[in-house]
Each structure stands twice: as C-alpha cells, then as structure tokens.
Amino acid sequence: MAVNPQHGALLGRRARLELDEVLASLVVDGYLTGEDAKRVRMGSRSGKTAIELHPLVVIANAKPENRRDAGRPLSLESLMEWIAGKADLPYLKIDPMKVNVAQVTQVVSSAYAQRHRILPVSSSTSEVVFATAEPFDTGWATDLAHMIRRDVRRVVSSPIDINRYLQEFYGVQRSIQLAQDAKGIGDTSKIINFEQLVELGKGGELGADDRHVVHIVDWLLQYAFEQRASDIHLEPRRDAGQMRFRIDGVMQKVFELPPPVMTAVTSRIKILARMDVAEKRRPQDGRIKTRSAGGREVELRISSMPTAFGEKIVMRIFDPDLVMKDFSQLGFSEEEGLLWRGMVERPHGIVLVTGPTGSGKTTTLYSTLKHLAKPELNVCTVEDPIEMVSPELNQMQVQASIDLDFAAGVRTLLRQDPDIIMIGEIRDLETAQMAVQASLTGHLVLSTLHTNDSPSAVTRLLDLGVPHYLIQSTLTGVVAQRLVRTLCPHCKRATTQSADEWRAVTHGWDIPLPERVFEAVGCLECRKTGFLGRTGIYEMMPVSSRLRGLISAELDLSRLGAAALKDGMKPLRISAAAQVAAGVTTAREVLNVLPPTDIDDIISS
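Nothing here was measured: the structure is a model prediction, and the numbers come from that model.

### Looking at the packing of aromatic side chains
Okay, so step 1: Evaluated as defined, the whole model comprises 8 aromatic pairs.
Okay, so step 2: Ring pairing ties together the aromatic residues Trp219, Tyr223, Phe245 and Phe255, which thus form one cluster.
Okay, so step 3: Directly above the ring of Phe531 sits Arg485, whose terminal nitrogen or CZ lies 4.1 Å from the centroid.
Okay, so step 4: It is Lys492 that lies over the ring of Phe518; its NZ or CZ is 4.8 Å from the centre.

Structure follows, in structure tokens:
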C-alpha cells in the first residue's frame, strides 16, 4: 500500500479513529510496513463484525509483526500506549481493584457512558478521571464538565477493558440498587445499632433468591477467581458492608454494599453452602463447589461468625491448580526435595509440617498426598474441615456435634486398612497417641503442628504428654515452613543487596553477600505491587539416630537444635537467603515472615 508520509499528521483529524488513518500513521512511525497495513485492511473487510470493532482492536487481532520490536506481534496494549502518546494523554491499564465503583457510577449514567464509550475510573470533589479509547473525540468532555461542575481529565485505555468494566461496574451497581429498592429499603443511615438491624430483618429483608442478589454473588465469585484471591471477606458495618480480598497474603478492599444488600448476599452464600439461613447467632461452616470462567472446578470453604452488625462471612478459595501442586512448584530446592521425598516415601513413621496459619501447610500436605496416592495404596484423611475434596483420597470430616474428633477419626481409619493417614492437626494428647499408634502398626502418618521451627515440634509433642520413647520410635522428620511473596517476573529489576538487610536475613551465618539480587518495581501484570504469587521457604529436619538419642523426657531444645544443625539441617533463614540470592523474592519480604525466635537464635543464646 502506498502511503503519503504526511498521513501521520492527519491522525485524529476526525473525532473518532478510522482504520485507514491509523494504519497510515503506524506505517509512518515504523510499526508496520505498507504490506502489513494492506493485509490488515483486507482482513478487516472480510470480517463480519469488523465494522463494530475499534480500529486498534482490528489491528491487534490481525497480529502483525511489530517492526520496531522484531519477532513480537503488535499487541493491543502497545497500540494503546502509542495512540496515547499521539494524543499527549497518559495511558491507563484499568485495575478494577483500585476503582471505587459505587462512587464513580454516580457521576454519569450508564447510557451516557455507553453512548460516548467512556468509563469513569476515579472521582473527587474537584475532578473526575475518564478512560476513553477515542483520545481525539473531545466534544463530550467540555459538555460533561459543565454538567457535573467538575474538571474532566482524560486517560487512554483499552476499548476491550472499557466495554467490559462498563458492563460490570454499572451492572453490579444497578443490581445493588434494584435489590435495595425491591423491598422499599431506602435510607440506610438510620441503621445505627445491632437491635435495629435485627428489626430490619424481621420486617422483611431482601430475598436471597432475588435475581439481583444472585447477580451480585456470581460477579463476586468470578471477580475473586480472576484476581487470584485466596480469601473473600464480607464484613458487615453500621453504614456500609465491606468486601475485601486477600491476594498474595495482603488484604485489599474491593467494594462496599448497603447493609440490607450485604445481609441478602450473606443469605445467598449460606444457601449455596447448605448452611442454616435462619441461624444467625452461632458460627457455621459450609462449602461451595463451583466453576471459574475458565471451566476449572473451584471449592470454597465458608465460615460465618456473628458480629455486632450482622454475620461476617469468610470464603477461603481452594483452586486445585494452587492447592495441589507438583513438587517442583512448592519452592523446594533440589536438596530439600530429596529430603522431603526421603521422609514421606517410607512405609511407616510420622512426618510433621509446622508453621502458623496461612503458611502453606495444607498445600504442602495435599501436594504430597497427590504424589503418594497410587492406585495400589489406600490413602485416608481426617480433617477439620475437609479443605479440598480429591478423588484420589478417602476423606473424613471431624464433627464435634457427634463426638467425631481427630482421635476418633484416626481410630476409625485404622479399621479401614489404610496405607497412608493424613491427620489435619494434632491438637491434643489423644490425637497424638492415635497418630503414634498408627505409625507403630505400620502406617505412614502425615500431620501438622503450630510451632515456630522444626526442633520445637518435639517439645510440643512432649508437652502434649506423648512419652519420649514413643517419639523416638515413630518420628521420621519435621518440616517448618513459611510463605513469601515472589517478585513479579515481568518487572523485577536487578540491584545490589544492602549489607545490613543481608546480615538481618542470614543472622550470623557465613553466607557471602550476593553480587546481584532483584527488587520489586510494579507493573500492570502485578497491579503495581511488584509481587506476583507466593512460594515456600523450608526448614527440613530428618530425625537421625543422633537426634533420636537426644529425645528424652527432659529434652534440652538448644542441644537438639545444635545436633540437627550438625546433621545438616538448614534453618528457615538459610532457605530464605537462597531464595533472595536466586532472585525469587527480596530480603525485606523474607524478614516480614521469618519467626522472631529462629532455631539459630535459640542456639546462640
């Protein structure tokens, strides 16, 4: 296609972008050749819906080679950044987590936003920021500034994102409003205390099967899956209930709901989880199995708790792809992987995983059981509650109401001809005794404890009342673990390590300062946090003959720790230092999760 070089200057001469002038300008700027532009134009004419598509979407869908970045296609994002530069406007990748939906959807109507293909993304008393995919169409901005009596600032965003969030933001907000109006509930500012909330419920609260409430819950779950949330928190408050997600271990506010709508959403979730909707005074547990947008089955564990302003709901998300990982995805080093396999591939013995809540113990155990569960083995679990239903396992849930506790569960499992038993947690002497009994009768037992480090697990068993000679006979190994956020691979940047931080991580261990480490930067992929996902750091303590000899009724923990170190155990901070040196995480991130009294602190004291 022959192109006049002057065509580049004509970009935007019409209000809305047109394919021909965009292609001409891309050729002039060196992103496309004339032949590339011709192919894109011919392809657009053959497409039935091409007339409805934004020109930059048409070009991105054709996947032409980016002549200024050899070997890579010209993506929609790079095209949007280019057109933003042409219009001298900032480019914004819309992050729905950072948009106050309730606030921005009050600025302009859905019809107005749809007509001009604009999306409000932030609002203050002085200005409103609108995302647009048509940077040269400015007529609406002047008119709108007069109507809303605030400054209008424009940013450029992907037309696909704008269309999607126009539907989602206004759709969810409309469902909230309609749900609120359905029972004539208007001013929520009158709800000032717990008693009045109860009266509101008696007066005819929103139906949990109301289609608007159903829409809100469906959106909430899909949104959480997309954002990689591990937990969803629904927190009732006096003025407005809060929705928050935990992403990579950090809580983030998502949305606010009027109290009556929050109550209806809570009821809807309780129905889906087969919980007692009428019982609002006692905590309850339930579970929901659903599918993500990609078709994956996802389980959610639901917990309700009565609070001053209603029931608080927490939904823990168990995505099979995240809970049941391959060994290589757990964060084990090669040496740690071999040690762990050596512990769990034995025919009998007790293997314990220790750490605080949220340290990844469940993921480690389920991934191990998936590895061990062969057709010729009978793998049974007793859990409180069952965190992830797996077809390879025979799983039983503790039920205190019928006196089915961990100890009774293990006693039952021993009559079920098991090869491997997983006990959710050893909490008391009876459960510990049953675990020991199972091990002595030739079974492999996996379980968890809450201790800061590996050697302390032996002390905990002694404190529970397990005789030292039984611990000597049965304990195969202990693993302490933590989870640390991993640096975003798309934006992490090489830097030098601060000597002070490195000393804090290694804590006197003679580990040379790495020549190069990486730091968090922040990009669109990680929502400007600099981190994407989490990995484990581990402290492996196989129980050798030397350690068995030190286990006594009057155990000296410092001697046991020192002996474990001589046998090759590496403390948590050494595993953490290796992850920092490998560029997986940062020293500051590691220092946030290391226990205050690590095993090396005990030894040095």
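What follows picks up the thread again.
### Overview of the packing of helix α13 (residues 334–344) against helix α14 (residues 361–372)
Okay, so step 1: Contact geometry of α13 with α14 gives a least axis separation of 12 Å together with a crossing angle of 65°. Put simply, α13 runs roughly perpendicular to α14. Of the two elements, α13 crosses α14, and the hand of that crossing is right-handed. Residues Trp340, Arg341 and Val344 of α13 form the contact with α14, whose participating residues are Thr364, Thr368, His371 and Leu372.
Okay, so step 2: Within the contact of α13 with α14, the residues separate by chemical class into 3 nonpolar, 3 polar and 1 charged.

### Considering the nonpolar core
Nonpolar side chains in soluble globular proteins generally cluster together in the buried interior.
Okay, so step 1: Of all hydrophobic cores here, the largest spans 87 residues; its most connected members are Ile59, Ile232, Leu234, Phe245 and Met315.
Okay, so step 2: Of all the elements, helix α10 (residues 211–226) adds the most residues to this core, at 9 residues.
Okay, so step 3: Not counting chain neighbours up to four residues away, the residues in contact with Phe245 comprise Met97, Leu220, Tyr223, Ala224, Gln227, Ala229, Asp231, Ile232, Val250, Met251, Gln252 and Val254.
Okay, so step 4: Counting 41 residues, the second-largest nonpolar core is a separate cluster that includes Ile423, Ala438, Leu462 and Leu547.

### Description of the confidence of the model for the protein
It should be kept in mind that the predicted coordinates are not to be read in detail where pLDDT is low.
Okay, so step 1: Per-residue confidence for the protein averages 83 on the pLDDT scale, and 88% of its residues sit at or above 70.
Okay, so step 2: Considering each helix and strand of the protein separately, the mean pLDDT is smallest for helix α9 (residues 194–202), with a value of 29, and largest for strand β10 (residues 349–354), with 95.
Okay, so step 3: Within the model, pLDDT remains below 50 along residues 1–9, and this stretch shows 13 contacts once partners closer than five positions in the same chain are excluded.

What counts, and at which threshold
Residues numbered from 1 in each chain as written. Predicted model: local features only at pLDDT ≥ 70, side-chain atom pairs only at ≥ 80, totals over all residues. Heavy atoms only, no water. Phe/Tyr/Trp six-rings, centres within 6.5 Å; stacked < 30°, edge-to-face > 60°. Lys NZ or Arg CZ within 6 Å of the ring centre and 35° of its normal. Axes fitted to C-alpha atoms, helices over the stretch in contact; angles between N-to-C directions. Helix = DSSP H or I, 4+ residues; strand = E, 2+ residues; numbered from the N terminus. Parallel < 35°, antiparallel > 145°, perpendicular 65-115°, else oblique. Left-handed = near helix turned anticlockwise from the far one by under 90°. Contact = heavy atoms within 4.5 Å. Nonpolar A, V, L, I, M, F, W, Y, C, P; charged D, E, K, R; others polar. Core = buried A, V, L, I, M, F, W, Y, C linked by side-chain atoms within 4.5 Å. Buried < 20%, exposed > 50% of the residue type's maximum accessible area, 1.4 Å probe, protein only. pLDDT = per-residue confidence, 0-100.

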